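Coordinates in review
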Amino acid sequence: MTSRNAGFSLIELMVTLAILALLASVAVPFAQLVQQRQKETELREALRQIRNALDAYRQGVREGRIESPADASGYPPDLDALWQGVADKTKPDASRLYFMRRLPRDPLFPDPAVPPAATWGVRSYASPPDAPAAGRDVYDVYSLSGKTGLNGVPYREW
């Protein structure tokens, strides 16, 4: 009667390690894709929130609730006015109009120490759409990232 050694052979261990390496090589790119999709979802939502707030500010100017010079476009002078609020000129008790609770950061901006307003590129009302530039007001925002999204469109053009 021969006694068989309990345990795994070297070949069984090598096959197991090869299978684990194969599974890991598939899982890592998938995890990176999931992370990129999450950031794109955050970017899309942040752009939607800021653009809705810009439109609400413009509507407030049209309704006469926000003081605006006659030669101005009616858009806010900076992004901080959206969350810091502006005086409501229809209320004598110095009430303020707020358009956002907080200004979201660009999720693709690399430096977390930069204030949220500085993470966005801004386009003024007077600048052309194909060459956005800052000016006296904020008409639109865009990501400063030079990367391209999963849909093939650069983030700056979202």
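Everything here concerns the structure above.
A brief structural summary. Small disclaimer: the values here were computed from a predicted structure and weren't measured.

Re the nonpolar core
- Residues Ile50, Leu79, Leu82, Trp120 and Val141 are the most contacted members of the largest nonpolar core, which totals 21 residues.
- Contributing elements (two or more residues each) for this core: α1 (10-62) and α2 (80-84).
- In terms of residues, this core owes the most to one element, α1, which gives eight residues.
- When residues no more than four places from it in sequence are discounted, the contact partners of tryptophan 120 are Leu43, Ala46, Leu47, Ile50, Leu79, Pro104, Arg105, Asp106, Val141, Tyr142, Ser143 and Leu144.

A short note on the packing of aromatic side chains
- Counted by the stated rule, this structure contains five aromatic pairs.
- Through a chain of ring-to-ring contacts, the aromatic side chains of Tyr75, Tyr125 and Tyr139 assemble into a single cluster.

Quick word on a nonpolar patch on the surface
- Among the surface-exposed residues, Leu10, Ile11, Met14, Val15, Leu17, Ile19, Leu20 and Leu23 lie close enough to one another that they form a single nonpolar patch of about 860 Å² accessible area.
- Relative to the assigned elements, leucine 17 resides in helix α1.

What counts and how
Residues numbered from 1 in each chain as written. Predicted model: local features only at pLDDT ≥ 70, side-chain atom pairs only at ≥ 80, totals over all residues. Heavy atoms only, no water. Core = buried A, V, L, I, M, F, W, Y, C linked by side-chain atoms within 4.5 Å. Buried < 20%, exposed > 50% of the residue type's maximum accessible area, 1.4 Å probe, protein only. Helix = DSSP H or I, 4+ residues; strand = E, 2+ residues; numbered from the N terminus. Contact = heavy atoms within 4.5 Å. Phe/Tyr/Trp six-rings, centres within 6.5 Å; stacked < 30°, edge-to-face > 60°. Patch = residues over 30% accessible without salt bridge, like charges linked within 9 Å, V, L, I, M, F, W, Y side chains within 5 Å. Areas by Shrake-Rupley, 256 points an atom, 1.4 Å probe, with all protein chains shown as cover. Salt bridge = Lys/Arg side-chain N within 4 Å of Asp/Glu carboxyl O.

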